[in-house]
Amino acid sequence: MCGIVGYVGRSYSKNLVLDGMQKLEYRGYDSAGIVFVEEKTSRLSYLKKIGKVADLAKGLDGLSGDGFVCMGHTRWATHGIVDEANAHPHFNCKGDIALIHNGIIEGYEVVRKELALKGHKFLSQTDSEVLVHYFSSVFELYKSVKPSILDLVKKFKGAYSLAILMQDIPDQLIVVRHNSPLVLGKQEKGFFVASDIVAFAGKVEEFAFMPEDSIAIINKKSIELFNFSGEVLLPAWQKSSFVFDIVNKDGFEHFMLKEIYEQKKVIERIVNFYRLVGTDSKLSAHNDLGNYFDYQLDIEYQDRIWQQLGITIDQVKNLKNINLVAAGTSWHACKIAQFFFEYICKIQTNVYLSSEFCYMPFFEQKDSIYIFVSQSGETADTLQALRRVNSYNIPTIVITNVASSTMVQEAGGFLPMQAGVEVSVASTKAFSAQQVILFILANRIALEQNKITPELMKHAEEDLFIAAQVLELSIENYKWEISQKLAEQYSVYKKFIFLGRHISYPFAMEAALKLKEISYIFAQSYPAGELKHGPIALVDNNTPVVIFSSLDDIIYKKIVSNAQEIKARHGHLVIFAFEGQTELADLAEQAFIVPRVNPFLGPLAMSGLMQFFVYEITKKLGNPIDKPRNLAKAVTVE
Ligand code: M6R
């Protein structure tokens, strides 16, 4: 999604900002722009381009000059099509104030009309442009920055972070945070601001997250920070040890493929990381997966894991309700984890889609906990849900891959996912990591509640190692057949149906999402038992029906019956089954057989093979696998 980078200081700034923008590319964007106060002319100089930051950088070669204050933006279109007019920065009528903006402004149309009636000319279809015209009009009134920006934040609702650069006050940036993150960075020669610390990792000595609803006026020597009432705040500076590891493809054709293959290592790493929690060792999440957040889990005794989560052992022992909230792939991982919590801990578990959560009635439950699962830790829907629960006195925990994310700052407790940087928009290793952590957490809660023995806990950990091996082995077993034959054969279909039952149903949902988002082939998932209630009308020989089996004997028999119903209607069956499930496999046009694992880990064991199958189909179609059209890695708008 959109990204902001700004610099004010004694160094030439254009390339510092461009470099930061390149580091934010992983978020996904469709156009980019940069603006600075040109040293010699003292005028705003800017460039906008559709496409990559690299294209913008090339264009900048032709734009002479540099300056000491600069801001850049990567845009993921929300209001208005992808074109240069809609790309940021936007300007006031005189062209002497520039603004960049992340997020969405609610009700901006009314203000736009009012300003247009007063003679303001708008050049874009964006909500963002309204902000700069409004700021300009109030600045004419107040003739001072602070009252003008306080007026602006009172006027506009929604979720936004923004930065403003004024030609007539050339050594300052004004930045605002409201429901959209911004972080400040300090170095000897100046200050950075960005929507993600990654933008200036390695370049600053200290950083400070801007508090929610705050404004900073940054100049070369100092930062004035205040809240929306104008009261002065002190930035909470922290020493920065973040390093930005260049994450490269390590010889793989795409990041997605690299990340699929990293999964075995990720699973092993997570088990090792969390199994030590409970001994007297100090843990450091080591950096061998290119994880730019070297997270230190300082846990010395058994119960410290609960301290890390912000809950007491008594709360764990009395836990009667578990609530999981997430979006997309993370939601699928939670739907799988519901089986862990309900079967292993025997605790009733609700799973919520974060985009729906805030708009449903909320029932406060005693002895409950809310777990928010998010790869990025920035997903706006999930963040809003977290804020809603935080307004009650209920423990909140976030499981995320990004230790510096907004969710970590706002949740009561945090468990690091330890998956390493995930670059591909289509989530793969994060999905596996989430399943692993939630499985471990379920077992730890069950242990605390005396529902399993320490021996069973150990078995659970060993089972994860086995599942990790099976995940990788299954890809190896079918690698040749898929890439040389099956990918071509299945890439011609225009639609797919994905089925599962019980724990394999959320996995079928994930498979359908994976296929949709990168291949653009229409894919629908259903619980296999629901087919006969309507969707079976869709079954024909031109629509592969992909069924994921289960290791539960009763569920397996039901799945066999569902497969027979499809076969009887000349459906084209693709089956993912476990060793020994020949009755099911024999019904299929194409069967993938996976070694048996702990039944709760069936989806995990099949993850790599499913993802590889989808990846290879998409490769045949020639789509941009790592950055599918219309999608962004971190979805920071609601
Ligand atoms: O960062 P999050 O886990 O909160 O992201 C949630 C979804 O946006 C994400 O899983 C999305 O569905 C992926 N593109 C799926 O591959």
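Everything quoted here is computed from the prediction, not taken from an experiment.

Engineer: I'd like to hear about unusual backbone geometry, residue by residue, with values.
Structural biologist: Backbone torsion omega between His88 and Pro89 reads 5°, so that peptide bond is classified as cis. Within the chain, Asp213 stands out as a residue other than glycine whose phi angle is a positive 55°. Mapped onto the fold, Asp213 is located in the loop between β11 (206–209) and β12 (214–219). Using a relative accessible area of 27% as the deciding quantity, one classes Asp213 as partly exposed.

Engineer: If you had to explain the packing of helix α16 (residues 504–519) against helix α19 (residues 602–621) to someone new, which residues and values would you point to?
Structural biologist: Where α16 contacts α19, the axes come no closer than 9 Å and their chain directions differ by 20°. Judged by the inter-axis angle, α16 sits roughly parallel to α19. Considering how the two elements wind past one another, α16 and α19 form a crossing that is right-handed. For the pair α16 and α19, contact is made by Phe507, Glu510, Ala511, Lys514, Leu515, Ile518 and Ser519 and by Pro603, Met606, Ser607, Met610, Val614, Tyr615, Ile617, Thr618 and Leu621, respectively. Looking at the contact of α16 with α19 residue by residue, the class counts come to 11 nonpolar, 3 polar and 2 charged.

Engineer: An account of the sheet that holds strand β27 (residues 590–594) is requested, with residue identities and associated values reported.
Structural biologist: Taken together, 5 strands build an open sheet; the order of strands is β24-β23-β25-β26-β27 and the sheet is parallel. Two strands lie at the open edges of the sheet, namely β24 (522–527) and β27, each paired on one side alone. Each strand axis lies, on average, 15° off the axis of its neighbour in the sheet, ignoring direction. Bridge count for strand β23 (residues 495–500) against β24 is 6 bridges, and the pairing is parallel. Looking at the pairing, Ile497 lines up with Gln524 of β24. Helix-sheet contacts for helix α15 (residues 454–490) involve β23, β25 (544–548), β26 (572–578) and β27, and the interaxial angle to β27 is about 170°. Against the sheet, helix α17 (residues 553–567) contacts β23, β25 and β26, and its axis sits at roughly 175° relative to β25.

Engineer: Please give an account of the domain arrangement of the chain that cites residues and values.
Structural biologist: In many analyses, interface size is given as the accessible surface area lost on bringing the parts together. Partitioning the chain into domains gives domain 1 (3–239), domain 2 (255–470) and domain 3 (472–621). A straight line from the C-alpha centre of domain 1 to that of domain 3 covers 47 Å.

Engineer: Outline the sheet that holds strand β22 (residues 413–416), listing residues and values.
Structural biologist: Across the sheet, which stays open at both edges, the 5 strands sit in the order β19-β18-β20-β21-β22 with parallel pairing between neighbours. The open sheet has two edge strands with one neighbour each: β19 (348–353) and β22. Averaged over all pairs of adjacent strands, the angle between strand axes in this sheet comes to 20°, irrespective of strand direction. Sheet topology note: the strand β20 (residues 368–374)/strand β21 (residues 396–400) ladder contains 5 bridges and is parallel. Each residue of the ladder has a partner; that of Ser374, found in β21, is Thr400.

Engineer: Describe helix α14 (residues 429–448), with residues and values.
Structural biologist: With 20 residues, α14 ought to run about 28 Å at 1.5 Å a step, and its terminal C-alpha atoms sit 28 Å apart, in line with that. Burial of α14 is extensive: 20 of the 20 residues sit out of reach of the surface.

Engineer: Kindly report on the site of the ligand, identifying the contributing residues and their values.
Structural biologist: What surrounds the ligand is a group of 15 residues, the closest being Ser330, Ser374, Ser376, Thr379 and Glu517. Gln375 is positioned with one of its backbone polar atoms (N or O) 2.7 Å from an oxygen atom of the ligand. Contact with the protein chains hides 90% of the accessible area of the ligand, taken as 410 Å² for the molecule alone. Mapping the ligand onto the cavity grids shows that it belongs to the largest pocket. Secondary structure elements with two or more residues in the shell around the ligand: α10 (328–345) and α16. Partitioned by chemical class, the residues of the shell around the ligand number 5 nonpolar, 8 polar and 2 charged. Residue contributions to the shell around the ligand reach at least three from each of two domains, namely domain 2 (255–470) and domain 3 (472–621).

What counts and what doesn't
- Residues numbered from 1 in each chain as written.
- Predicted model: local features only at pLDDT ≥ 70, side-chain atom pairs only at ≥ 80, totals over all residues.
- Heavy atoms only, no water.
- Helix = DSSP H or I, 4+ residues; strand = E, 2+ residues; numbered from the N terminus.
- Buried < 20%, exposed > 50% of the residue type's maximum accessible area, 1.4 Å probe, protein only.
- Axes fitted to C-alpha atoms, helices over the stretch in contact; angles between N-to-C directions.
- Parallel < 35°, antiparallel > 145°, perpendicular 65-115°, else oblique.
- Left-handed = near helix turned anticlockwise from the far one by under 90°.
- Contact = heavy atoms within 4.5 Å.
- Nonpolar A, V, L, I, M, F, W, Y, C, P; charged D, E, K, R; others polar.
- Pairing = 2+ DSSP bridges.
- Domains from an automatic or database assignment.
- Expected span 1.5 Å × (residues − 1).
- Near = heavy atom within 4 Å.
- Polar contact = N/O pair within 3.5 Å; in protein donor to acceptor, adjacent residues only side chain to side chain.
- Areas by Shrake-Rupley, 256 points an atom, 1.4 Å probe, with all protein chains shown as cover.
- 1 Å grid on protein atoms, 1.4 Å probe; cavity = no way out; pocket = protein on both sides within 12 Å on 5 of 7 lines; lining within 4 Å.
- Sits in = over half its atoms within 2 Å of the grid points.

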